[in-house]
Amino acid sequence: MKDGRARTKDKRAERIAEFIAPLRVEPGAKVHLSKDFDPTTKSGLKNKRQGRELLAEGVALLADHQRRLAAEGTHGVLLCLQALDAGGKDGTIRHVMSGVNPQGVHVAGFKVPSHDELSHDYLWRYSCALPRRGEIGIFNRSHYEEVLVVRVHPELLDRQRLPGRRQSGKALWRRRYREINEWERYLTDNGFRLVKLFLNLSKEEQRVRFLKRIDVPERNWKFSAADARERARWDDYQEAFEDMLSATSTRWAPWYVVPADRKWYARICAAAVLAHTLMDIDPRYPVISDETRHELELEKRQLEKEAPAGAAADPYKAGRRAR
């Protein structure tokens, strides 16, 4: 029979899996964002206070599993965040990862590619930023920019210097979807799990957040005319997101569409999906050999002998007995 701790863990895993199930894009499904995913939902949660409590629980869960992930050193996790401007990517990273050890987390952001990056294949710069085993890597925007912004602005393909006549149109995007799926399958087969989150923001909420960036002086730096120009291509981006979600949500690397109009709720969802992945990996602390255990016992005895007069030989053990 399972002990109480194991049963609690199983129930917690079941609750998380049930919570995130509506966010998951089923492989092979055709996504229609306006019909399938409501960016304003809060899924029965009463208020922001309840949300903070749930987020704190999720962050604690992540911290525990991250320590084990780092200790085991077998798997790595890559969190990919995609959203339109003002979608909440930075805040999601800041709040969801607030309790984890920063030494085990690496965040990479991808801006306009450099000349050197353009001299390689389009996935090269993302490959260079992948996490190591035992780490959680975060892509603030990711390799999916290559089928989003490049699709909405096909003139960017000229800089990529593709061989022969410039390639564009549906055939190019289908090929890139296939290449990305295969690359992610390769990573998964080698022990690196992908967590792909699309922060689904409504057009009205983006308008409100843009106005706040203009009205609040401390936020002026976060807004630019380029943001407004991209907003004018809203419909083009929605179509690109829908095709991306439909073509690249796979069994080994599914997409989750996170309702992003309420920032606190989006952060809960992100923490839940990441926690679900880590719980599925179930990393364990390494078990030392009998020989190493014997060496530790010898060292322990020596340390106990060095205790000053009046001090407990093993304060940690004595403290545990007192509790």
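Residues numbered from 1 in each chain as written. Predicted model: local features only at pLDDT ≥ 70, side-chain atom pairs only at ≥ 80, totals over all residues. Heavy atoms only, no water.

J.: Please give an account of the side chain of E145 that cites residues and values.
T.: Positionally, E145 belongs in the loop between strand 3 (136–140) and helix 7 (149–152). At a separation of 2.8 Å, a polar atom in the side chain of E145 contacts the side chain of Q82. (Helix = DSSP H or I, 4+ residues; strand = E, 2+ residues; numbered from the N terminus. Polar contact = N/O pair within 3.5 Å; in protein donor to acceptor, adjacent residues only side chain to side chain.)

J.: How would you sum up the packing of helix 3 (residues 48–72) against helix 12 (residues 263–281)? Please name residues and give values.
T.: Close contact between helix 3 and helix 12 brings their axes to 9 Å; oriented N to C, the two are set at 30°. Considered as vectors, helix 3 and helix 12 are oriented roughly parallel to each other. Considering only the axes of helix 3 and helix 12, their crossing is left-handed. Contact residues: K48, G51, L54, L55, L61, L62, H65 and L69 in helix 3; W264, R267, I268, A271, L274, A275, L278 and M279 in helix 12. By residue class, the composition of the contact of helix 3 with helix 12 is 12 nonpolar, two polar and two charged. (Axes fitted to C-alpha atoms, helices over the stretch in contact; angles between N-to-C directions. Parallel < 35°, antiparallel > 145°, perpendicular 65-115°, else oblique. Left-handed = near helix turned anticlockwise from the far one by under 90°. Contact = heavy atoms within 4.5 Å. Nonpolar A, V, L, I, M, F, W, Y, C, P; charged D, E, K, R; others polar.)

J.: Tell me about the packing of aromatic side chains, and name the residues and values.
T.: Under the criterion given, the structure shown has nine aromatic pairs. When the ring centre of Y122 is taken as reference, the NZ or CZ atom of R176 above it lies at 4.1 Å. We note R185 situated over the ring of W252; from NZ or CZ to the ring centre the distance is 4.5 Å. (Phe/Tyr/Trp six-rings, centres within 6.5 Å; stacked < 30°, edge-to-face > 60°. Lys NZ or Arg CZ within 6 Å of the ring centre and 35° of its normal.)

J.: How would you explain the sheet that holds strand 2 (residues 105–109) if you had to name every residue and give the values?
T.: As summarised here, the arrangement of the five strands in space is 2-3-1-4-5, forming an open sheet in which the pairing is parallel. Both edges of this open sheet fall to strand 2 and strand 5 (255–259), since each of them pairs with a single strand only. Recorded for the sheet is a direction-independent mean angle of 20° between the axes of neighbouring strands. In the packing of helix 11 (residues 234–248) onto the sheet, the strands contacted are strand 4 (192–200) and strand 5, and the crossing angle to strand 5 comes to about 140°. (Pairing = 2+ DSSP bridges.)

J.: So what's going on with the state of the cysteines? Which residues, and what values?
T.: Any covalent bond linking the sulfur atoms of two cysteines counts as a disulfide. Tallying each qualifying case throughout the model produces zero disulfides. Note on C80: no disulfide assigned, nearest cysteine sulfur contributed by C128 at a separation of 15 Å. For C80, a relative accessible area of 0% corresponds to the buried category. For C128, a relative accessible area of 52% corresponds to the exposed category. (Disulfide = S-S within 2.5 Å. Buried < 20%, exposed > 50% of the residue type's maximum accessible area, 1.4 Å probe, protein only.)

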